[in-house]
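# Fold and geometry: a report
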Amino acid sequence: QVQLVESGGGLVHTGGSLKLSCAASGRTFRAYTMAWFRQAPEKEREFVAVIPWSGDTSYADSVKGRFTISKDNAKNTVYLQMNSLKPEDTAVYYCASPKTAYIQGGIDPSRYNYWGQGTQVTVSS
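Here we summarise the structure given alongside this text. Not measured: the values here are computed from a predicted model. Residue numbers here run from 1 along each chain, matching the order of that chain's written sequence. Local features in a predicted model are, by the rule used here, given only for residues with pLDDT of at least 70; side-chain atom pairs are given and counted only at 80 or more, and totals for whole chains, interfaces and linings are based on all residues. Where side-chain values are given, they derive from all heavy atoms of the structure, hydrogens and water being excluded.

## A short note on the sheet that holds strand 8 (residues 77–82)
When DSSP finds at least two bridges between two strands, those strands are taken to pair. Numbering goes from the N terminus for both helices and strands, where a helix is a DSSP run of H or I of at least four residues and a strand is a run of E of at least two. Taken together, the four strands give an open sheet; going across it, the order is 1-3-8-7, and neighbouring strands pair in antiparallel fashion. In the strand order of this sheet, the two ends are held by strand 1 (3–7) and strand 7 (67–72), each with one partner. With strand direction ignored, the average angle separating the axes of adjacent strands in the sheet is 15 degrees. Here strand 3 (residues 18–25) pairs with strand 8 via six bridges, running antiparallel. Bridge pairing in strand 8 links Lys19 to Gln81. The axes used here are C-alpha line fits, helices contributing only the stretch in contact, and every angle between their N-to-C directions lies in the interval 0 to 180 degrees.

## With respect to the pattern of salt bridges
Criterion for a salt bridge: a side-chain nitrogen of Lys or Arg within 4 Å of a carboxyl oxygen of Asp or Glu. Applying the stated criterion across every chain yields a total of four salt bridges. Across the pair Arg38 and Asp89 runs a salt bridge whose closest N-O atoms are separated by 2.9 Å. Residue Arg38 is found in strand 4 (residues 34–39), and its partner Asp89 is found in the loop between strand 8 and strand 9 (91–97); the two are separated by 51 residues along the sequence. Here's how the labels work: a residue is buried when its accessible area is under 20% of the maximum for its type, exposed when over 50%, partly exposed in between, all with a 1.4 Å probe on protein chains only. Asp89 sits in the buried class, given a relative accessible area of 1%. Across the salt bridge formed by Lys64 and Asp61, the nearest N and O atoms sit 3.1 Å from each other. Judged by its relative accessible area of 67%, Asp61 is exposed.

## Describing the packing of aromatic side chains
A pair of aromatic rings is counted whenever rings of Phe, Tyr or Trp (Trp by its six-membered ring) have centres within 6.5 Å, and the orientation is called stacked for planes under 30 degrees apart, edge-to-face for over 60 and tilted otherwise. Applying the stated criterion across every chain yields a total of six aromatic pairs. Ring plane angle 80 degrees and centroid distance 6.4 Å describe the contact between Tyr94 and Trp115, whose orientation is recorded as edge-to-face. Of the two residues, Tyr94 is situated in strand 9 and Trp115 in strand 10 (residues 114–115); the sequence distance between them amounts to 21 residues. A ring pair is formed by Tyr112 and Trp115, whose centres lie 6.3 Å apart and whose planes are at 65 degrees; its orientation type is edge-to-face. Tyr112 sits in the buried class, given a relative accessible area of 4%. Taking the relative accessible area as the measure of exposure, Trp115 reaches 26% and is therefore partly exposed. Members of the aromatic cluster, each reached through a chain of ring pairs, are Phe37, Phe47, Tyr94, Tyr112 and Trp115. Above the plane of the ring of Tyr79 lies Lys19, whose end atom (NZ or CZ) is 4.6 Å from the centre. A ring is considered to have a charge above it if a Lys NZ or an Arg CZ atom is located within 6 Å of its centre and within 35 degrees of its normal. Its guanidinium or amino end placed over the ring of Trp115, Arg45 lies 4.7 Å from that ring's centre, counting from NZ or CZ.

Note that all results are geometric; they support no functional claim without further evidence.
And the structure:
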């Protein structure tokens, strides 16, 4: 059974930093794309960043240059380093992964089958 568990959210001031973690279990971690999405109140879930099994990263324009996605295959964990945080980054952040190995994943949340429970990030102005 695949499980994704996020941690690391919290409350920070504008300009601050947070590092989110997502621990995966239940299958061979290195073979699967991992992504981060976020959802603010009354808004649709939106793509943040993705790191495919190949390691090539991609980011939403709104976070490019401020956020960094990375993974540690030995620890079965994907990270999201968030710097220069803005109030508009406030949301629940989710990690996600598709059920099929060796695919890119992309920005469409419907392509992802497994989701964590989410972690709240709040950026105060």
